[in-house]
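# Coordinate inspection notes
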Number of protein chains: 2
Amino acid sequence: MDLGLLRSLAQPATTKIILCSLDGLGGLPRPGTGKSELETAALPILHALASRSACGLLRHVGPGITPGSGPGHLGLFGYDPLQHPVGRGVLEALGIDFHLKPGDVAARGNFCTVDGEGRITDRRAGRISTDLCVKLCERLRTITVDGAEIVIEPVKEHRFVLVLRGDGLSGSVSETDPQALGVPPLPARALAPAAERTAAAVSQFVERARQLLRDSTPANMVLLRGFDRQPDIPLFPETFRLRAAAVAAYPMYRGLARLVGMEVLDTGPTFTDEIATLKRHWDSFDFFFLHYKDTDKAGEDGDFDAKVAALERFDARLPDVLALRPDVLAVSGDHSTPSILAAHGWQPVPALVASAYCGADHVSRFTERDCASGALGLFPAQELMPILMANALRFAKYGA
Amino acid sequence: MDLGLLRSLAQPATTKIILCSLDGLGGLPRPGTGKSELETAALPILHALASRSACGLLRHVGPGITPGSGPGHLGLFGYDPLQHPVGRGVLEALGIDFHLKPGDVAARGNFCTVDGEGRITDRRAGRISTDLCVKLCERLRTITVDGAEIVIEPVKEHRFVLVLRGDGLSGSVSETDPQALGVPPLPARALAPAAERTAAAVSQFVERARQLLRDSTPANMVLLRGFDRQPDIPLFPETFRLRAAAVAAYPMYRGLARLVGMEVLDTGPTFTDEIATLKRHWDSFDFFFLHYKDTDKAGEDGDFDAKVAALERFDARLPDVLALRPDVLAVSGDHSTPSILAAHGWQPVPALVASAYCGADHVSRFTERDCASGALGLFPAQELMPILMANALRFAKYGA
């Protein structure tokens, strides 16, 4: 849907919406049992909720396309991810409360380990401590390059953000991370003529970092990826006329929410902390994006049982969310992370929408297989927000 | 689908199609029973028909978008309602057999009641009688304004149509109806530079109407909305190569059918009259749009039992329609009007297509819940007409 149309229909109301994103929610049957993580877990609350909800399957980008966390969440927020590409560097920067200026180019950095011949032996430098990362970032901050100011911010463990600030910079620079071991980092190359100067500045930065880090094994080199400028994106609170808050412990999701203009609430690291935060701010917002990370982590680790346990932990906390009596509650995810794949997958993600006006279908279990025959059908993720808005009676009628 | 493509595939045939639109057909479960109007009603004929039909759910504008009657029916007629917006004034004018000329600007008028300080106390002037409306319209016809001829036509009760006729008029004029009580009517403003003169003419009209009606309480003022020029829309009979007739008692739906070029048949006010009209003209047309209003009226009133009864009355008359042995019969609606919402809703609308070639599915009850798992799936309303054309063997093959 055209965001301008949605904006013209959006109207103020007193209803409240919670959009619960279980990261990497969707799964696949385990060969031994023929049952997916959702089908294996004991989920009494979710299944009961599905019974009184409209259910379906969300597809975030397109058929067979595996979404990253950025496109996955942009879809949930009502944006067509293909229309609004966001680089990893931008997300990473937003996620540490770094306020990008217009024209800044950001990249995600990793400290990594290279051997005597410069070949990568560990892309994450053994996941060095965040303390060490902070100290190494201090060292990188001494670097100067031609044509751009260098800003460095530590993130967590081996991760940092590089921001190039200056006039006429471009995000069209190739990644230096080959995403492979036994090979040296790639040179930064301009992917468009306008990016020549930016690529040269990046190359200078990388070369000086190599010299500065030479003695600091295991973190003796850097890898850069996801060069991008902050996109010009219609703001979520203005598009949907909602006071919107994000409750997310992880930087990436906080950054994404901030990118679309949500207020990102301070919260502790656990889902219990997140729910406490949700409760504390309940009266001050109309819309809450509530993020649950554990499902994705287990799926990425290929740990089927851990993902089942993560789903069960979510189910156990769901009554606290329901107790707030939101007018509209949606439960879905930003992409699948099937444990048997041990990575993000392209498989559509189960979704449920519960409200007084959601209608009903025959679905009584919140699983991939059951949601496939739900009333919402298989639908693009960006259609979820309009459906939530409608269920919250926040859209005017279209046409006489 | 591109209408030009459909037109290039359409071919003559002797088959006959009936498209039955139950206005506001879709509903929602009543909290006490968990069953919708369709699930509560006794509908032996419809359910039997569904059993031998392909079923699905129609969506008229987009996810979460509540269609007005205009966009709802344009969708049923095969048009993308977002591509072909139609103002309320135009529909209202067409609905009273008023033949708009190119360039005319039409608006929907209400007689209303204002207090001594000009604030609206009743937007419908207590729904005055149609007789009084006719007399008051006579009075308004004496008004002259600069730069436009004024044409006034009474509609029903408190409603009338205002048409401005002249060169260079524009429909980009803001509504004077604030859709609220306790405030005065809004001034008519130009929404585009080209509409300045039209807005001035409307303002003159409103001011003179105020003076003329001063003594005629409760109908002592007018409200205007839905200013629009007749849209340039590809004609239905030419697009689908069908001799198309509309059987509809209500002005709005007659107007919409005329807008797309259907022949609007004279008919009496009841559905029994409509069916008699259908029978009388059966040999003269290939396509009949048959409109049933009662379902929407009951839904808008929030009267669940009345909507159930309206569905049962339709079911009882359906054998008369089947007796004509149409080659293709579709039953659906222009939008949902769930009784628990007491208004149009965004919920997809059940649809069935019966023909010798429709195929079959597992659906044996014509309900929202059952149609959700039908063979037609959840689909845009404008895709219904191509499906009906195909089932009537009226489309040539695409490509060699």
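In what follows, the accompanying structure is described. (Residues numbered from 1 in each chain as written. Chains lettered and ligands numbered in written order. Predicted model: local features only at pLDDT ≥ 70, side-chain atom pairs only at ≥ 80, totals over all residues. Heavy atoms only, no water.)

### Section: the relation of the copies chain B and chain A
Superposing chain B onto chain A requires a rotation of 120° together with a translation of 0.2 Å along the rotation axis, leaving an RMSD of 0.4 Å. These values place the two chain copies in the arrangement generated by a three-fold rotation axis. By C-alpha distance to the rotation axis, the residue of chain B lying nearest is Ser-373 of chain B, at 3.5 Å. (Least-squares fit on C-alpha atoms with pLDDT ≥ 70 in both.)

### A look at unusual backbone geometry
Across the junction of Thr-217 of chain A and Pro-218 of chain A, the peptide omega takes the value 10°, indicating a cis bond. Within the secondary structure layout, Pro-218 of chain A lies in the loop between α7 (196–213) and β7 (221–229). One non-glycine residue with positive phi stands out, namely Leu-393 of chain A, at about 55°. Here Leu-393 of chain A lies in the segment after α14 (384–391). Residue classification places Leu-393 of chain A among the partly exposed positions, given a relative accessible area of 37%. Phi at Arg-241 of chain B takes a positive value of approximately 50°, unusual for a residue other than glycine. With respect to the element layout, Arg-241 of chain B can be found in the loop between α8 (236–240) and β8 (244–247). (Helix = DSSP H or I, 4+ residues; strand = E, 2+ residues; numbered from the N terminus. Buried < 20%, exposed > 50% of the residue type's maximum accessible area, 1.4 Å probe, protein only.)

### Considering the packing of aromatic side chains
For the structure shown, the criterion picks out 22 aromatic pairs over all chains. Consider the rings of Phe-77 of chain A and Phe-289 of chain A, whose centres lie 4.8 Å apart with planes at 85°: the pair is edge-to-face. You can see Phe-77 of chain A sitting in the loop between α4 (69–76) and α5 (88–95) and its partner Phe-289 of chain A sitting in strand β10 (residues 287–292), a full 212 residues away along the chain. The pair Phe-77 of chain A / Phe-289 of chain A is uniform in exposure class, with both members buried. Ring centres of Tyr-250 of chain B and Tyr-253 of chain B lie 6.4 Å apart, and the angle between their planes is 55°; this geometry places the pair in the tilted category. For Tyr-253 of chain B, a relative accessible area of 3% gives the class buried. In this structure an aromatic cluster arises from ring pairing among Phe-77, Phe-236, Phe-240, Phe-287 and Phe-289 of chain A. The cationic tip of Lys-293 of chain A hangs over the ring face of Tyr-250 of chain A; the distance from NZ or CZ to the ring centre is 5.4 Å. Against the face of Trp-282 of chain B rests Lys-16 of chain B, its NZ or CZ located 5.4 Å from the ring centre. (Phe/Tyr/Trp six-rings, centres within 6.5 Å; stacked < 30°, edge-to-face > 60°. Lys NZ or Arg CZ within 6 Å of the ring centre and 35° of its normal.)

### A look at the interface of chain B and chain A
Opposite the 28 residues of chain B that make contact, chain A presents 24 residues. Buried surface at the junction of chain B and chain A, summed over both partners, amounts to about 2,100 Å²; 68% is from carbon and sulfur atoms. The largest per-residue losses of area from chain B upon contact with chain A belong to Pro-63, Trp-346 and Arg-369 of chain B, which jointly make up 27% of the total buried on that side. Linking chain B with chain A are one salt bridge, by the criterion used here. In this structure, Arg-59 of chain B and Glu-383 of chain A form a salt bridge, with 3.3 Å as the shortest nitrogen-oxygen distance. Linking chain B with chain A are five residue pairs in polar contact (both at pLDDT 80 or more). Mapped by element, the contributors of at least two residues to the side of chain B that touches chain A are β2 (54–59), α4 (69–76) and α13 (368–371) of chain B. A total of three residues in the side of chain B that touches chain A trace back to one element, the largest contributor, which is α4 of chain B. (Contact = heavy atoms within 4.5 Å. Buried area = accessible area lost by both parts, 1.4 Å probe. Salt bridge = Lys/Arg side-chain N within 4 Å of Asp/Glu carboxyl O. Polar contact = N/O pair within 3.5 Å; in protein donor to acceptor, adjacent residues only side chain to side chain.)

### Concerning the side chain of Arg-165 of chain A
All names here are of chain A. Within the secondary structure layout, Arg-165 lies in strand β6 (residues 159–165). Its relative accessible area of 18% is what places Arg-165 among the buried residues. Side chain to side chain, Arg-165 and Asp-104 meet in a polar contact 2.8 Å long. Look past the residues within four positions of Arg-165 in its chain and what remains in contact with it is Phe-98, His-99, Lys-101, Asp-104, Ala-148 and Glu-149.

### Here's the deal with the nonpolar core
Of all hydrophobic cores here, the largest spans 102 residues; its most connected members are Phe-77, Phe-236, Met-262, Phe-287 and Val-331 of chain A. Of all the elements, helix α12 (residues 304–322) of chain A adds the most residues to this core, at seven residues. When neighbours within four sequence positions are excluded, Phe-236 of chain A is seen to be in contact with Phe-77, Tyr-79, Arg-241, Leu-242, Ala-244, Val-260, Met-262, Phe-287 and Met-385 of chain A. Ranked by size, the runner-up nonpolar core spans 95 residues in total, among them Ala-245, Val-260, Cys-358 and Ala-381 of chain B. (Core = buried A, V, L, I, M, F, W, Y, C linked by side-chain atoms within 4.5 Å.)

### Quick look at a nonpolar patch on the surface
Residues and elements named next belong to chain A. On the surface, Ile-340, Leu-341 and Trp-346 cluster together to form a nonpolar patch covering roughly 280 Å² of accessible area. The residue Trp-346 is located in the loop between β11 (328–332) and β12 (349–354) in this model. Judged by relative accessible area, which is 41%, Trp-346 ranks as partly exposed. (Patch = residues over 30% accessible without salt bridge, like charges linked within 9 Å, V, L, I, M, F, W, Y side chains within 5 Å. Areas by Shrake-Rupley, 256 points an atom, 1.4 Å probe, with all protein chains shown as cover.)

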